[in-house]
Amino acid sequence: MPPTRSAPDAHPLQFDGILVDLFGTLIPMGHQEARLRNLEEMGRILDLNPATFTTQWLDCGYDRFRGRLGSLERTVERLALAQGVRPNSTAIHRALEVRLGLTRGLLARTGPSLPALDALRAAGLRLGLVSDTSEETVRLWPATPLSSRFDVAVFSWVEGTCKPDPRMYRKALEGLGLPPAKCAYVGDGGSRELSGAEAVGLSAFMYRYPVEEEGALSRLDEDTGWTGTKLTDLRELLRFAPSPPDGS
Ligand SMILES: [Mg+2]
């Protein structure tokens, strides 16, 4: 049975756009052990202590997300120098191919996301991505099947700040040319993104990538106190679209 609008309602909720999170929402968070093994392999390629490199990389997560360590190449070089090693460009390139391979694999695991995004677009909704991420995603994004579904993509690495900073949401709203009252925000709840979205006037919904494996990476800075509407399918947002499906 299709979703129904509550009626009578003088001001039914209706959106012209949706801002969407990436990790844990459109793609999996990824397996924690696989991520650790990937970092250790990078450390070995760079002739570093792999365990120390892994700790260094994880400890500077929010600095990497905000672009504070520069490019991926510069980030790897900085961490190596902290271990007293100056890697050559070939080793850096090889290590980054390992890292980019991991991210590329996650970005390919779109599961149910592509048909859902297509349905939202077909109903007249404009889509904006708002992602806290380091440079890997920024580099790989244009070649993903996700990118063509979005009218705008806002990345923390580019903006120099992370959610829930209002600037992240406002940049995406500007890109869509829409006010917050005409947009929904949907995400898995990391980075306190849902309460952050509501603070700028967006209607927030929680949705989590549905086929996450056991042992997945934990969400950073989770929106634990948030008690809004949880979706089990992104297409539940169709009820708020300019052209809602028949029967709504
Ligand atoms: Mg997320």
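Residues numbered from 1 in each chain as written. Predicted model: local features only at pLDDT ≥ 70, side-chain atom pairs only at ≥ 80, totals over all residues. Heavy atoms only, no water.

Asker: If you had to explain the coordination of the magnesium ion to someone new, which residues and values would you point to?
Answerer: Taken together, the protein ligands of the magnesium ion are Asp21 (OD), Phe23 (O) and Asp188 (OD), with distances of 2.1 to 2.3 Å. In the primary structure, the donors to the magnesium ion are separated according to the pattern D-x1-F-x164-D. The residues aspartate 21 and phenylalanine 23 share a single accessibility class, namely buried. (Donors = N, O, S within 2.8 Å, 3.2 Å for Na, K, Ca; no water. Buried < 20%, exposed > 50% of the residue type's maximum accessible area, 1.4 Å probe, protein only.)

Asker: Could you give an account of helix H1 (residues 32-45), naming the residues involved and the relevant values?
Answerer: Compared with an ideal rise of 1.5 Å per residue, which puts 14 residues at 20 Å, H1 spans 20 Å between its outermost C-alpha atoms and is within 8% of the ideal. Burial in H1 covers these residues: Arg35, Leu36, Asn38, Leu39, Met42, Gly43 and Ile45. On the buried face of H1, the contacting elements are helix H2 (50-59), helix H4 (72-82) and helix H5 (89-108). Two residues or fewer after H1 comes aspartate 47, characterised by a positive phi angle close to 65 degrees. (Helix = DSSP H or I, 4+ residues; strand = E, 2+ residues; numbered from the N terminus. Expected span 1.5 Å × (residues − 1). Contact = heavy atoms within 4.5 Å.)

Asker: Before we move on, could you go through the nonpolar core and cite the residues and values that matter?
Answerer: Of all hydrophobic cores here, the largest spans 53 residues; its most connected members are Ile18, Leu22, Leu26, Met42 and Val186. Taken domain by domain, the makeup of this core includes at least three residues from each of domain 1 (17-28 + 110-240) and domain 2 (32-107). For leucine 26, the contacting residues outside a window of four places in its chain are Val20, Asp21, Arg109, Thr110, Ser113, Leu117, Leu129, Leu146, Phe150, Tyr209 and Leu234. Counting residues in hydrophobic clusters, the runner-up holds 19 residues, among them Val130, Val154, Tyr169 and Leu176. (Core = buried A, V, L, I, M, F, W, Y, C linked by side-chain atoms within 4.5 Å. Domains from an automatic or database assignment.)

Asker: I'd like a description of the pattern of salt bridges, backed by residues and values.
Answerer: Across all of its chains, the model carries 14 salt bridges by this definition. One salt bridge connects arginine 99 with glutamate 136, and the closest N-O pair in it is separated by 2.5 Å. On the criterion of sequence distance, the pair formed by arginine 99 in helix H5 and glutamate 136 in helix H7 (residues 135-140) is long-range, its members being 37 residues apart. One exposure class covers both arginine 99 and glutamate 136, and it is buried. Members of the salt-bridge network, linked through shared partners, are Asp21, Lys163 and Glu193. (Salt bridge = Lys/Arg side-chain N within 4 Å of Asp/Glu carboxyl O.)

Asker: Explain the sheet that holds strand E5 (residues 203-207) to me, and be specific about the residues and the numbers.
Answerer: Within the open sheet, the six strands sit side by side as E3-E2-E1-E4-E5-E6. Their pairing is parallel. If you trace the sheet from one side to the other, it starts and ends with strand E3 (152-155) and strand E6 (229-231), each paired once. The mean inter-strand angle of the sheet, taken between neighbouring strand axes irrespective of direction, is 25 degrees. Across three bridges, E5 lies against E6 in parallel orientation. Bridge pairing in E6 links tyrosine 207 to leucine 231. (Pairing = 2+ DSSP bridges. Axes fitted to C-alpha atoms, helices over the stretch in contact; angles between N-to-C directions.)

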